[in-house]
Amino acid sequence: MAKGNYTNKAAQSVAEFQNEKENTPAITTIKGKSGRPSKGEVHKISLAIPIELYEGAEFGSYFFKGNITAYINNLIRKDLEKNLDKYKEFKKMMESFSENL
């Protein structure tokens, strides 16, 4: 029997597999985002709502497809449209008050 350098079958199979893997193009799949569509950049917070108010918020959320977050955001938006100038004025008063101390 002739002496020589022989590779074992397992090493040869691994080498062939690696060559096949390098020669085949990579298949990439583009996966869409799951969940609700984004309404822009948000700041997430934890919110504690008393039970008696939460039950009412659930009823109010029916006008927003059952989305309590959308209902609360709508309430905040309406309040800010009505009172934002007052809030800014109050903030200025508090800042000037703290400067005088």
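Residues numbered from 1 in each chain as written. Predicted model: local features only at pLDDT ≥ 70, side-chain atom pairs only at ≥ 80, totals over all residues. Heavy atoms only, no water.

Student: Tell me about the overall build of the protein, and please be specific about residues and values.
Tutor: A count of helical and extended segments in the protein gives three helices and zero strands. The helix and strand sequence of the protein, counted from the amino end, reads α-α-α. The buried share of the protein, reckoned over its 101 residues, is 9%. On the protein, roughly 10,600 Å² of surface is accessible, and the fraction owed to carbon and sulfur atoms is 57%. (Helix = DSSP H or I, 4+ residues; strand = E, 2+ residues; numbered from the N terminus. Buried < 20%, exposed > 50% of the residue type's maximum accessible area, 1.4 Å probe, protein only. Areas by Shrake-Rupley, 256 points an atom, 1.4 Å probe, with all protein chains shown as cover.)

Student: A description of the packing of aromatic side chains should follow, citing residues and the corresponding values.
Tutor: Counted by the stated rule, this structure contains two aromatic pairs. On the numbers, 6.0 Å between centres and 55° between planes, the contact of F64 with Y71 is tilted. (Phe/Tyr/Trp six-rings, centres within 6.5 Å; stacked < 30°, edge-to-face > 60°.)

Student: I'd like a description of helix α3 (residues 68-100), backed by residues and values.
Tutor: Since there are 3.6 residues in each turn of an α-helix, residues three or four apart along the chain are aligned in direction. Of all the bends in α3, the largest measures some 70° and sits at N83. Within α3, burial applies to I68, A70, I72, N74 and N83. Where α3 is buried, its residues touch α2 (51-60). With a side-chain oxygen lying 3.0 Å from the backbone nitrogen of T69, the N-terminal cap of α3 falls on N67. (Bend = angle between axes of the 7 residues up to and from the residue. Contact = heavy atoms within 4.5 Å. Polar contact = N/O pair within 3.5 Å; in protein donor to acceptor, adjacent residues only side chain to side chain.)

Student: Residue-level account of the side chain of N83, with values.
Tutor: In this structure, N83 sits in helix α3. Among the polar contacts listed, one links the side chain of N83 to the side chain of D79, at a separation of 2.7 Å.

Student: Let's hear about the pattern of salt bridges: which residues, and what values?
Tutor: One pass over the structure, following the stated rule, counts one salt bridge. With a shortest N-O distance of 4.0 Å, K91 and E95 are connected by a salt bridge. You can see K91 and its partner E95 sitting in helix α3, four residues apart, about one turn around the helix. For K91, a relative accessible area of 52% gives the class exposed. Here E95 falls in the partly exposed class, since its relative accessible area comes to 38%. (Salt bridge = Lys/Arg side-chain N within 4 Å of Asp/Glu carboxyl O.)

Student: Lay out the confidence of the model for the protein in plain terms, naming residues and giving numbers.
Tutor: The predicted model of the protein has a mean per-residue pLDDT of 84, with 85% of residues at 70 or higher. When mean pLDDT is taken per element in the protein, α3 scores highest with 94 and helix α1 (residues 9-23) scores lowest with 73. (pLDDT = per-residue confidence, 0-100.)

Student: Just give me the short version of unusual backbone geometry, but keep the residues and values in it.
Tutor: In the Ramachandran plot, K65 falls in the positive-phi region, its phi being about 55° despite a non-glycine side chain. Its location among the elements puts K65 in the loop between α2 and α3.

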